[in-house]
Structures are given as structure tokens and as C-alpha cells.
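So the chains spell out like this:
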Amino acid sequence: MSSIVQYNDWLDEECGNMAREGLRTLVVGKKTLTEEQYQDFEQRYGQAKLSIQDRAAKVAAVVEGLERDLELLCLTGVEDKLQYNVRPTLEQLRNAGIKIWMLTGDKLETATCIAKSSRLVSRTQTIHTLRPVTSRTEAHLELNAFRRKNDCALVIKGDSLEVCLKYYEHEFMELASQCPAVICCRCSPTQKAEVVRLIKQHTGKTTCAIGDGGNDVSMIQAADAGIGIVGKEGKQASLAADFSILQFSYIAKLLLEHGRNSYKRSASLSQFVIHRGLIISTMQVVFSSVFFFASVALYPGVLMVGYATVYTMFPVFSLVLDKDVPSKIVLTFPELYKDLTKGRSLSFKTFFVWVFISIYQGAVLMYGALLLFEEEFIHIVAISFSALILTELLMVAMTVRTWHWLMVIAEIFSLALYIASLLLFRDFFDSAFILTWGFVWRVMVITLVSCLPLYIIKYLRTKLSPPSYSKLT
């Protein structure tokens, strides 16, 4: 503003003083136009808006021509107070291994003061402010000077950021990604969205944008996940975001607890759905191979539909209630969130482990039923299908880490429903055979052979290589 208002000797000094105190400054000026000046401006402005090429640049040039020699009226400073628990929340996110970039339209002094007061920059870290650059040579020298810094937070202005990204996009993003914190001040909404896009492009990491105003909408929409905070600036950000919260402090619970649980539960559920489908497919393959690849279905359609729905659906989907660590411990030890970045819960390794488990159990169930049945084919169906249902229920029980009362109800309800089906579906099961001890021990032996080795392996793994959270629970 000092360049477009009339000469004075106090504006820059007072504006800097207010900014260093963390106040958001606003310079108010005015200009009185004659009727001829206004008519001339309106004509040039209308022509610029009708331009087909470089419309934005021409409109900006016309407005810039008007904003000269303004009469300075006043300078205001508004305290932008931090919300409750902002400092501990940022510390939790840092300890969880999350890199934080602050993209703001504030002045450099204001942005630096807020970064310090909110503990975005810790007390032991130094701050490197990138000097204003206008050419390729200056950008090269500044980046080389910053390259020699270690464990240093970066502060850069929007115009300097634009020059660095224009000539040294890859080098700047590589250096900035290694910083513990980055503060970009005087950023336009377009620049905020561009920075988010570049972070995704150059680092390959998942990004989350958090904002509370209309100027943050483009940044929120450019990120993989957007969080909008409902504040005094309106609801534009919260309406455009994927998640809407009332306070910044809720982000810790959203990411560290709900985000972690969501990832763990989704991993368990997706792998169990694969297991549930692959095990019965393996049984059909074994059955067909034994009977000379005859095109005969192992189970009737009613049992197939029941297996995919009422017999196993409730226990499998009850895994969405499972959690390995209580909420209080997750927020107390945010380092647990770092395990997610290793991708051990859902990877090619876990996928092939579950494929192997499915093939092993499917083969055991089918070969066991073929070896132990004596008289009629309908006995194979009863033995193998009963062992299959029990195996699925036991595998869900083996996967659960913290039991919820709905999980217990789902297991008992599914088992009771299947036992009732054994007695009601007389066309598929031999009632006389089901009520004999021979049916019971055959099902028990096959189920034991399919599940007991996995329980032993899990127990040994828990004792020899316990997970990181086991010491905390």
C-alpha cells in the first residue's frame, strides 16, 4: 500500500510494528474522482472486460492505473486470536510424522509471529526467510543459501514463491519437502491450490488441506482430503470440504483416532471380504478336480446366497467396530500414527498372506469332507458347509483385537441362524445325519485342522514380534 498512497513517513513503520505483534493489518485509503476521470475509467474497464485474450491482465492494468496517489485515511490492526488447543494439536500432528505447511495471505511479519506463537516452529528450530527474488539468478542464489541450512523452517513470500516455481520447481519442492515446516505468506487462493498440487506431484504423499475462509476453497478442493472449519469468516470452506469441524483442535481426534481406526478397519474388512470369497472358490475348484472337472455346483444357490449374506455378513462387517488401541492412548502417543505410513496393514504382503490362508483352508475343508464322509453326497455338503461357516466365524474372532458387544451378538446370531437352517432346509441337509455324533466330530476335526495352525502362528508372532501398540495397552 505504501506505493499507491500519498507519501508519508509512518505507514511502513507502524504496519511493521503491528504485524510483529501478530495483528492483521488493514490500510484504508480513498481517492476522489471527477466525472471525466470516472467516465474514462469506466470506458477502459469495460473494454478490458470484453477482451478475448489476456482479459485478467488487462483488467488488472486498468485497476492499477486508478489505484495511485490515494489519500491515506487510517491503519487498523485486528488481533486474530488462536483457537483453543491449537499449540498442542500442532505438536501432536508433528509427533505423528505429519509435515505441516502454512499457506496464508498475511504479511511476512504476521505469518512469522503466528507460526511462532502457535508452535508451528518449535523453539529449537531456526527460521530462514527467503529474501525477495525477481530473477532466475537471484532465485538460484537464495536456494543455494537455503540448501546449506539444517533443520530449519522456511518462510517465503508469494511473489518469490512464484519466481522459484517458475525456474526451479523441482529443486524448490525437494528442499521445501525436507523442512520441518514451511510458511508461505502473501499467497493468493490460486497459489495455495498450486502448492497443494505440487506437493502431491513431487512427493507422492497424501495431502490434507485445512481452511476456514472462502479463499481456502480452491486449496481444499485440490487436496486429497479437505477439512473446513466453521468460523466467523463463513461456511464456504466447510461446505466445500470433505469434513467439517467447529474447532482446529478437533483435527487431532479426526486424524489420529478416527483416521487411524478407519484405515485399520478398512484393511481388515477388505482382506476378509477377499478371504470369504476365495475360500469357497477354492473348495469348488478342489471338488471339481476330484470329480474329473464335472460342471457340478458344490452347493445349491440358496446356500451360496446365505453364505454371502446372513451366515457371514454380520460378523465380517462387525469388524468396523474393532480397534486395537483405546482413544485416550492414541491421542497421548501420536507416534502410533507413523505406523500407517509404512503400509503394513494393507499391502501386497498381507494380500498374498490372506490368499494363502484362503487356499489352505479351502483345501483342508474340501479334502477333509471328502475323506471323512461315508455314504451319500449330501453328507459332503453338510460337513463341508458347516465347517466353512464355523471357520469363517472363528477367523473373525481371531482377527478381532477389542471385542464390542455387537460383535458378540453378530457371532451368536449368525451361528444360531445357521443351526436353524440345518434343521429347516431338509432338501439340502440330512436331518438324521446332522443329529448324530458322527456329523459333529467330523465338522469339529475339519474346523480344527483349518484354524488351529493359524491360531498357533498368531500366538507365536504376538510373543516373538509384538506390535508397537502392545506395550501401551
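The rules we used
- Residues numbered from 1 in each chain as written.
- Predicted model: local features only at pLDDT ≥ 70, side-chain atom pairs only at ≥ 80, totals over all residues.
- Heavy atoms only, no water.
- Helix = DSSP H or I, 4+ residues; strand = E, 2+ residues; numbered from the N terminus.
- Rg over C-alpha atoms; globule rule 2.2 N^0.38 Å.
- Contact = heavy atoms within 4.5 Å.
- Buried < 20%, exposed > 50% of the residue type's maximum accessible area, 1.4 Å probe, protein only.
- Pairing = 2+ DSSP bridges.
- Axes fitted to C-alpha atoms, helices over the stretch in contact; angles between N-to-C directions.
- Expected span 1.5 Å × (residues − 1).
- Parallel < 35°, antiparallel > 145°, perpendicular 65-115°, else oblique.
- Left-handed = near helix turned anticlockwise from the far one by under 90°.
- Phe/Tyr/Trp six-rings, centres within 6.5 Å; stacked < 30°, edge-to-face > 60°.

(A) Layout of the overall build of the protein chain. What the protein chain contains, in helices and strands, is 21 helices and nine strands. A globule of 473 residues ought to have a C-alpha radius of gyration of about 23 Å, yet the protein chain, at 33 Å, is considerably larger. By its C-alpha atoms, the protein chain is 105 × 50 × 40 Å across when sized along the principal axes. Within the protein chain, counting contacts between residues at least 6 apart in sequence, those at least 24 apart form 74% of the total.

(B) Structural context of the side chain of S160. Along the chain, S160 falls in helix α7 (residues 158–167). Taking the relative accessible area as the measure of exposure, S160 reaches 1% and is therefore buried. When neighbours within four sequence positions are excluded, S160 is seen to be in contact with R131, P132 and V133.

(C) Main features of the sheet that holds strand β6 (residues 181–185). Here four strands make up an open sheet; going across it, the order is β3-β6-β5-β4 and the pairing parallel. What marks the edges here is a single partner per strand, and that holds for β3 (100–103) and β4 (126–129). Going from strand to strand, the sheet's axes swing by 15° on average, the running direction of each strand aside. Direction of pairing for β3 relative to β6: parallel, over a ladder of four bridges. Directly across from M102, in β6, lies its bridge partner I183.

(D) Spatial organisation of helix α6 (residues 136–147). For α6, with 12 residues, the first-to-last C-alpha span of 16 Å sits near the 16 Å given by 1.5 Å per residue. Tucked inside the fold, the buried residues of α6 contact β4, β5 (152–157), α7 and α8 (169–177).

(E) Region of interest: the packing of helix α17 (residues 348–372) against helix α21 (residues 437–464). At a minimum axis separation of 10 Å, α17 and α21 run at an interaxial angle of 155°. It follows from the interaxial angle that α17 and α21 lie roughly antiparallel. Judged by the twist between their axes, the crossing of α17 over α21 is right-handed. Residues I357, Y360, Q361, V364, L365, G368, A369 and L372 of α17 lie in contact with α21, whose contacting residues are W441, R442, I446, V449, S450, C451, P453 and L454.

(F) Summary view of the environment of R186. Relative to the assigned elements, R186 resides in the loop between β6 and α9 (189–203). Each C-alpha atom, one on R186 and one on V5, is 20 Å from the other, the two residues being 181 residues apart in sequence. Setting aside residues no more than four positions away along its own chain, R186 makes contact with T104, G105, D106, K107, G158 and Q191.

(G) The arrangement of the packing of aromatic side chains in detail. A full pass over the atoms with the stated rule returns 10 aromatic pairs. With 5.0 Å between their ring centres and 65° between their planes, Y299 and F385 make a pair best called edge-to-face. Here F385 lies in helix α18 (residues 377–399) and Y299 lies in the loop between α12 (250–290) and α13 (301–308), a separation of 86 residues in the sequence. On the basis of relative accessible area, Y299 is assigned to the buried category, the value being 5%. With centroids separated by 6.0 Å and ring planes inclined at 75°, the aromatic side chains of Y311 and F385 adopt a geometry described as edge-to-face. Placement of Y311 in the loop between α13 and α14 (313–317) and of F385 in helix α18 is noted, with a sequence separation of 74 residues between them. We classify Y311 as buried; its relative accessible area is 3%. Overall, the relative accessible area of 0% leaves F385 in the buried class. Taken together, the ring pairs in this structure connect Y299, Y307, Y311, F385 and Y418 into an aromatic cluster.

(H) View of the sheet that holds strand β7 (residues 208–211). Taking strand neighbours across the sheet as the criterion, the three strands line up as β7-β8-β9 in an open arrangement whose pairing is parallel. In this open sheet, the two strands that pair with only one neighbour each are β7 and β9 (243–245). Each strand axis lies, on average, 20° off the axis of its neighbour in the sheet, ignoring direction. Across four bridges, the pairing between β7 and strand β8 (residues 225–229) is parallel.

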